Amino acid sequence: MAILPILVAPHPVLKTKCKPVDEVTPELAKLMDDMLETMYDAPGIGLAAPQVGVSKRILVIDVARQDEDPQPLKMANPEIIWESEELGVYEEGCLSFPEQYAEVQRPARVKVRYLDQNNEAQELDADGLLATCIQHEMDHLEGIVFVDHLSTLKRNMILRKMKKALKQKAA
Ligand code: NI
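Everything numeric here is computed off the predicted structure, so don't read it as measured data.

*Asks:* Would you mind showing me how to read the coordination of the nickel ion here?
*Replies:* A metal bound by six donors in octahedral fashion has ideal angles of 90 or 180 degrees, whereas one bound by four tetrahedral donors has an ideal angle of 109.5 degrees. Bound to the nickel ion on the protein side are Cys94 (SG), His136 (NE2) and His140 (NE2), at distances that span 2.1 to 2.2 Å. Here the donor residues of the nickel ion are spaced in sequence according to C-x41-H-x3-H. Note that Cys94 is positioned in strand S4 (residues 87-94) and His140 in helix H2 (residues 128-141), a separation of 46 residues in sequence. The residues Cys94 and His140 share a single accessibility class, namely buried.

*Asks:* Would you take a moment to explain the packing of aromatic side chains for this structure?
*Replies:* Per the stated rule, a full pass over the model turns up one aromatic pair. Taking 5.4 Å as the distance between ring centres and 85° as the angle between the ring planes, the aromatic pair formed by Phe97 and Phe146 counts as edge-to-face. Here the residue Phe97 occupies a position in strand S5 (residues 97-107), and Phe146 occupies one in the loop between H2 and helix H3 (152-170), the gap between them amounting to 49 residues. The exposure class of Phe97 is buried, given its relative accessible area of 2%.

Rules of the game
Residues numbered from 1 in each chain as written. Predicted model: local features only at pLDDT ≥ 70, side-chain atom pairs only at ≥ 80, totals over all residues. Heavy atoms only, no water. Donors = N, O, S within 2.8 Å, 3.2 Å for Na, K, Ca; no water. Helix = DSSP H or I, 4+ residues; strand = E, 2+ residues; numbered from the N terminus. Buried < 20%, exposed > 50% of the residue type's maximum accessible area, 1.4 Å probe, protein only. Phe/Tyr/Trp six-rings, centres within 6.5 Å; stacked < 30°, edge-to-face > 60°.

The following block contains the structure:
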């Protein structure tokens, strides 16, 4: 396994809609493992392929608490096939927006269909943090980032901070 560099916003790949995969080949299964290792190392609870520069519909998630066993999820071509009318709010962050957090409202429960690491079709009912995380990572596959859900004022505030950090890093 390998730790991959994570792209930080603003970056054009993070705004690009990703292509579905034809099947989960051994190469893509390895990419999933590398993404998971990269996510654990960061550390984070979710990572989408465009965040490591790959415009494919692939994501990995593990929302297990530190005192729990790992619960890694690896998904290709995820689709939300049902979502609750009830909404939930979480303070979200993103590995492509270091140190930036904001509350985002999303459906509280979702049912998702996807291909697993062995190219087998799976369905999963998710609620709470897992439901939020799945929707956040799936947004990435559409070129949508969590700040796109915020008011213009809040979004611009975060983007300004990101640009400032980028300049400081370059200086
Ligand atoms: Ni993210």
